[in-house]
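Remarks on the overall topology
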Amino acid sequence: MSGCKDVEEPIPSYLYISSIDLKTSATGEQGAAAHDIVDAWVYVDNAFIGVFEMPSTIPVLKSGKSSVTVVAGVKKNGQSDSRVAYPFYGTYNVEMDLKPAQVDTVRPVVEYKDAVRFPWLEDFEDNSLSVEGTGSNTTTDTLLITEDLTEVYGYDGDKSIRSGKVEVPLGFQKFEVSTIQAFDIPRDGREIYLELNFKCNTEFVVGVYPLNGSVVTGVSVVNFYSTADENNELQWKKAYVSLKEDLNAPANRTSDFRVFINAQTNSSDERPLLFFDNIKLVHF
């Protein structure tokens, strides 16, 4: 009769990652360090371990001197079922001595890659606007700058004292603004994202206007919804909107474009409100 010998299972080492932070340049050309990094894509000695929603304790079947790499993951277009490694953030790398059954804490900090470009940054801090009403069948197109500390994103009384604010009148309304500048970004399948912080009590749309003819037709990219919590308090959110798919479509590939934000509302009691900050157009 043949027998089998029990094989002792290896004891994993563990990595604990509570969050990933973002560091931006001190000179301001990358905008604020606002982010919503939710996942850690983990590699050990170039071997892919997995994607982990933070905070997370990650088992690694390896011990001894090891090279740990962490990549920052986000929700593409704000969708929980579309998680991606954000292409514009660099990796975090650290050498560690992993020990079986031991939990080591990793505190990753990532930065934008050197090749990233920021053709549009709007943080409202210079008290001016880079957007204007489009006049595209709108009933209201006023975006204001607020300095109310209860409304401003990350108000600190110093570097963060202003945000954008939209107060939509009651009744049936169509609001829309777009960038004053038209952007000429190379289109060869490369990644193009719009980042923004927002809070609102009504639905709104982010999209693009490809300037490819005398008749300009808007392309809606993502719908966002109220950020009010169970106490009806508006909570700031961060979104990463992918524009690559629409801007690289054959009809739009050679066109300059503007970014727009619009909302169609019909409220009889609560005035629709939208707030924006730290808007960034980013590409390679």
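Quick note: structure is the one above.
Quick look at the structure, then. (Residues numbered from 1 in each chain as written. Predicted model: local features only at pLDDT ≥ 70, side-chain atom pairs only at ≥ 80, totals over all residues. Heavy atoms only, no water.)

1. Some thoughts on the overall build of the chain
Along the chain, the regular secondary structure elements total one helix and 21 strands. On the principal axes, the C-alpha backbone points of the chain span a range of 85 × 50 × 45 Å. Here the chain holds 284 residues, and 44% of them are scored as buried. Relative to all contacts within the chain whose residues are 6 or more apart in sequence, the contacts with residues 24 or more apart total 73%. (Helix = DSSP H or I, 4+ residues; strand = E, 2+ residues; numbered from the N terminus. Buried < 20%, exposed > 50% of the residue type's maximum accessible area, 1.4 Å probe, protein only. Contact = heavy atoms within 4.5 Å.)

2. Describing the sheet that holds strand S12 (residues 131–133)
Taken together, the five strands give an open sheet; going across it, the order is S12-S15-S20-S17-S18, and neighbouring strands pair in antiparallel fashion. Looking at the sheet topology across the chains shown, the edges are occupied by S12 and strand S18 (219–224). Across the sheet, the mean angle from the axis of one strand to that of its neighbour is 25°, orientation sign disregarded. Strand direction decides the pairing type here: strand S17 (residues 204–211) and S18, joined by five bridges, are antiparallel. Within S18, the position partnered with Val206 by the bridge is Val222. (Pairing = 2+ DSSP bridges. Axes fitted to C-alpha atoms, helices over the stretch in contact; angles between N-to-C directions.)

3. Points about the pairing of strand S20 (residues 256–267)
Inspection of the sheet shows strand S15 (residues 171–179) paired to S20 by eight bridges, in the antiparallel sense. Directly across from Phe175, in S20, lies its bridge partner Ala263. Both S17 and S20 contribute to a ladder of seven bridges, which runs antiparallel. Across the sheet, Leu211 pairs through a bridge with Asp256, a residue of S20.

4. A short note on the environment of Thr69
By the element assignment, Thr69 lies in strand S6 (residues 64–75). Through-space distance from the C-alpha of Thr69 to that of Glu95 is 8.8 Å; in sequence the pair is 26 residues apart. Beyond its immediate sequence surroundings of up to four residues, Thr69 is in contact with Trp41, Val42, Tyr43, Thr91, Tyr92 and Asn93.

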